[in-house]
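One-letter residues, chain by chain:
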Amino acid sequence: MKNIFLSICVFLGLSLNISAETILDRIETNFGDGTWGTKIENGSTNLPAAGQYPTAPYNGFNLINAVLYGNTPVNEDGVKYTYTIAMEKGKGVGIIEFPQTKTVGAIEIHAMSGSDNMGYFLQEYTNGKWENVGEQVITKKSIITIYSKNIERTETSRFRIYNAVNSGLFVAKIIVRSLQEVNDLNIVSHIPNEGDICYYNLTKEVVVTFNKNISAGTGNILLNNTSIPITNCVITNNTVKIPVQLEGTPGKVKDYTLTIPQGAFVEQVKPSNLCKEKIIQFQTQKTVSLPNGYTSQIDIQYSNADPAQNRMDVYYPIQANKPVPVVIHMHGGGWNHGEKESQTSYNPYFPMGFAVVNVEYRMTPHATAPAAVEDIRNAMMYLLTNATALNIDPNKIIFQGGSAGGHLALTAAYLDKISTYDTEYNYSGPFKIIAIIDKYGPADIVKFKEEYSSLASWLGNKKNDIEFVKSISPVHLITENTPPTYIVHGDADPTVPYEQSEILVDALQKAGVKYKFTTIPGGGHGGFSVAQNNQINDEINQFITEILNTNSSLDNINKEKIRPIVQGNTIIIPTEKTVQIFVYDVCGKKIQSSSKNSITLNNNGIFIVQAILEDITYNYKIRL
């Protein structure tokens with residue numbers, strides 16, 4: 001019983017003073033529980049210098065010239081690890097010795113190296129010395145490689161990892177399975193993992209992988225209280241896909257328990273080898289909490305380019321007595337990852353009575369530029385085509401996004417009536433993009449593509465086609481008719497340089513476009529404080545409200561064919577009616593007014609002139 005207890009403790013990563021003579025049943029650790037020494041923070045310059053790596057016992061292991069390192073690498077499937085044990089480079093210098101185990105059926109090691117095509121040896125202590133077990137294991141730089149080897153040892157044995165090359169070695173996980181564990185039919189992995197939070201609309205199946213090829217057994221699988229017949233499952237070799245129908249709950253996560261009973265699956269070549277009962281607990285992410293009077297349509301397919309990624313959610317008020325403004329929102333993620341389901345930054349628009357559209361789009365490696373731009377434009381065209389059914393106003397469209405989503409928001413909006421990337425719809429009706437909300441998005445991708453590898457990957461083989469890159473680069477699309485733009489950026493952003501927003505602001509100023517630029521002092525790439533986010537939301541509300549109230553659109557100028565006359569710095573409204581004139585700068589600040597039919601401005605520049613004649617308001621953009 002003592003050894004079983006100790007084995008469980010190592011499995012859980014509990015800190016114990018285990019002597020070298022302790023014999024364990026199995027080992028599993030990922031070094032992430034804080035009992036493996038003093039953590040060295042991420043960054044190669046923080047690692048000890050050569051010859052200064054510590055040697056010490058932890059949890060029955062001997063770490064020889066090795067140290068706990070606070071990096072978070074991923075494997076080739078994108079699974080992230082919490083920490084690693086960093087082993088000093090040099091053949092035979094860095095070593096990790098395992099505790100003794102009663103029997104061994106298989107050993108699994110997750111590791112990466114400081115350089116590509118480097119590696120280590122798995123060694124066993126036998127006949128009074130350490131000997132290699134198999135060939136050298138080759139590792140990759142910065143990506144965890146999983147090495148698994150079946151080893152049949154019926155007696156007590158001990159293994160170690162031996163750094164075999166002149167490169168640092170980083171070990172993220174070690175598993176030593178007992179011989180019985182390997183001989184039994186066992187589940188070795190499953191998706192979702194224990195404790196995962198997944199999206200109800202994206203998770204259609206639970207995928208379970210066994211250590212042997214399997215066949216269907218007997219009994220029913222339970223998802224909470226719902227029975228799933230074994231005959232509904234799809235078995236391929238050692239993997240079974242269990243169909244599930246999950247739900248999301250507004251405002252809170254929903255708990256799920258999947259129970260696979262004993263004998264539900266059996267070993268293919270030995271049906272008497274039954275699987276043990278397995279319980280997997282996970283949750284579904286909370287869904288959007290809509291206010292009263294709102295409804296939703298989830299996972300609308302707005303394009304045929306890629307049904308899996310061309311999805312969007314629409315939230316809109318059903319009791320509004322007239323069409324409402326619509327916010328089209330895009331997630332970030334470097335054009336290569338992310339999902340609409342993780343987004344919540346559009347919630348402040350619900351109290352304003354707006355419709356909100358949350359868009360998923362094609363990303364690398366599935367599709368390169370301009371696919372994502374085409375998708376956002378097509379999403380807008382879908383909305384315009386269905387504006388009546390969704391009760392949205394085609395002349396009050398707002399784009400919003402952060403990071404790569406900010407770039408897509410800027411690009412899709414600044415294209416305006418340019419239909420180059422409108423690939424699936426022939427919409428010919430009116431529409432007006434009234435504003436863009438850009439949160440730390442890249443604006444000059446001609447320059448940024450040289451600094452950011454994921455942007456270069458998204459541009460693909462068109463990276464060096466400057467004219468193409470300019471066609472989807474916001475600063476190169478700006479004209480005096482570009483919609484008003486709100487910009488927020490942290491001045492310590494390590495991902496998208498603050499300079500990108502400064503470049504954008506400079507271009508907007510030169511074109512005379514209304515904008516507001518908010519800097520978050522010391523702010524990074526998002527992750528702002530609650531107070532800062534409240535400030536940003538208040539500013540966005542005010543910015544959009546001003547636009548809606550002043551109706552900066554020029555659509556109504558021609559109602560009575562009244563056009564201003566400009567004589568030097570004097571603007572004349574040719575009418576005999578009573579008129580009030582208000583003059584705003586491009587940032588929306590009122591600078592002059594007049595109760596006559598003319599006004600003389602003190603400075604040159606670009607101005608918004610608002611003339612109010614009785615109950616009709618006219619807006620003009622005038623350059624002096």
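The preceding data block contains the structure.
What comes next concerns the included structure. Keep in mind the model is a prediction, meaning the values are calculated, not measured.

1. Considering the overall build of the protein chain
Here is step 1: Assigned secondary structure in the protein chain consists of ten helices and 43 strands.
Here is step 2: Dimensions of the protein chain along its principal axes, counting C-alpha atoms only, are 110 × 60 × 40 Å.
Here is step 3: Scored against the burial criterion, the 624 residues of the protein chain give a buried share of 50%.
Here is step 4: Put simply, the protein chain shows about 28,600 Å² of open surface, and 47% of that area lies on carbon and sulfur atoms.
Here is step 5: For the protein chain, the distance from the average site of its 51 positive side-chain charges to the average site of its 58 negative ones is 2 Å.

2. A short note on the sheet that holds strand E41 (residues 598-600)
Here is step 1: With antiparallel pairing, three strands are arranged side by side in an open sheet as E37-E38-E41. The open sheet is flanked by strand E37 (565-567) and E41, the only strands paired with a single partner. Sheet twist, expressed as the mean angle between neighbouring strand axes with direction ignored, is 15 degrees.
Here is step 2: Pairing of strand E38 (residues 570-572) with E41, which is carried by three bridges, proceeds in the antiparallel orientation.

3. Considering the nonpolar core
Here is step 1: Core analysis: the largest hydrophobic core is formed by 63 residues, its most contacted members being Met312 and Phe399.
Here is step 2: Sorting elements by how many residues they give to this core places helix H3 (residues 371-385) first, with nine residues.
Here is step 3: Beyond its immediate sequence surroundings of up to four residues, Phe399 is in contact with Ile328, Met330, Ile376, Met380, Ala409, Ala412, Ala413, Ile433, Ala435, Ile436 and Ile437.
Here is step 4: Residues Leu24, Ala66, Phe98 and Tyr147 belong to the second largest nonpolar core, which totals 29 residues.

4. A word on the pattern of salt bridges
A side chain with one charge can pair with a side chain of the opposite charge if their charged atoms come near.
Here is step 1: Per the counting criterion, the structure on display carries 28 salt bridges.
Here is step 2: Of the charged contacts in the structure, one is a salt bridge between Arg177 and Glu108, with a shortest N-O distance of 3.2 Å. Pair noted here: Arg177 is in strand E17 (residues 169-177) and Glu108 is in strand E11 (residues 104-113), with a separation of 69 residues, a long-range link.
Here is step 3: A salt bridge links Arg623 to Glu480, with the nearest nitrogen and oxygen atoms 3.3 Å apart. A residue pair is termed long-range when its members are at least 10 positions apart, and Arg623 in strand E43 (residues 616-623) and Glu480 in the loop between helix H8 (466-471) and strand E35 (485-490) qualify at 143 residues.
Here is step 4: In the salt-bridge network here, residues are joined through shared partners; they are Arg26, Glu28, Glu108, Lys173, Arg177 and Glu181.

5. Describing the packing of H3 against helix H5 (residues 404-415)
Here is step 1: Running from amino to carboxyl end, H3 crosses H5 at an angle of 60 degrees, the nearest separation of the two axes being 10 Å. Here H3 lies oblique to H5, going by the angle between them. Relative to H5, H3 is oriented so that their crossing is right-handed. For the pair formed by H3 and H5, the contact residues are Ala372, Val373, Ile376 and Arg377 on the first element and Leu408, Thr411, Ala412 and Leu415 on the second.
Here is step 2: The class makeup of the residues in the contact of H3 with H5 is six nonpolar, one polar and one charged.

6. Considering the packing of aromatic side chains
Here is step 1: Tallying each qualifying case throughout the model produces 20 aromatic pairs.
Here is step 2: Taken together, a centroid distance of 5.7 Å and an interplanar angle of 55 degrees make the contact between Phe61 and Phe98 tilted. On the criterion of sequence distance, the pair formed by Phe61 in strand E5 (residues 61-64) and Phe98 in the loop between strand E9 (95-97) and strand E10 (100-101) is long-range, its members being 37 residues apart. Each member of the pair Phe61 and Phe98 is classed as buried.
Here is step 3: Summarising the aromatic geometry, the rings of Tyr256 and Phe282 are spaced 5.7 Å apart at their centres and angled 15 degrees between planes, so their arrangement reads as stacked. Here Tyr256, found in strand E26 (residues 254-260), pairs with Phe282, found in strand E28 (residues 278-284); they are 26 residues apart in sequence, far enough to count as distant. Residues Tyr256 and Phe282 agree in their burial class; the two are buried.
Here is step 4: Every member of this aromatic cluster is reached through a ring pair, and the members are Phe31, Trp36, Phe61 and Phe98.
Here is step 5: Here the basic side chain of Lys417 rests over the ring of Phe431, its NZ or CZ set 4.3 Å away from the ring centre.
Here is step 6: Taking the ring centre of Phe468 as reference, the NZ or CZ of Lys462 above it sits at 4.7 Å.

What counts and what doesn't
Residues numbered from 1 in each chain as written. Predicted model: local features only at pLDDT ≥ 70, side-chain atom pairs only at ≥ 80, totals over all residues. Heavy atoms only, no water. Helix = DSSP H or I, 4+ residues; strand = E, 2+ residues; numbered from the N terminus. Buried < 20%, exposed > 50% of the residue type's maximum accessible area, 1.4 Å probe, protein only. Areas by Shrake-Rupley, 256 points an atom, 1.4 Å probe, with all protein chains shown as cover. Lys, Arg positive; Asp, Glu negative; His and termini not counted. Charge placed at Lys NZ, Arg CZ, Asp CG, Glu CD. Pairing = 2+ DSSP bridges. Axes fitted to C-alpha atoms, helices over the stretch in contact; angles between N-to-C directions. Core = buried A, V, L, I, M, F, W, Y, C linked by side-chain atoms within 4.5 Å. Contact = heavy atoms within 4.5 Å. Salt bridge = Lys/Arg side-chain N within 4 Å of Asp/Glu carboxyl O. Parallel < 35°, antiparallel > 145°, perpendicular 65-115°, else oblique. Left-handed = near helix turned anticlockwise from the far one by under 90°. Nonpolar A, V, L, I, M, F, W, Y, C, P; charged D, E, K, R; others polar. Phe/Tyr/Trp six-rings, centres within 6.5 Å; stacked < 30°, edge-to-face > 60°. Lys NZ or Arg CZ within 6 Å of the ring centre and 35° of its normal.

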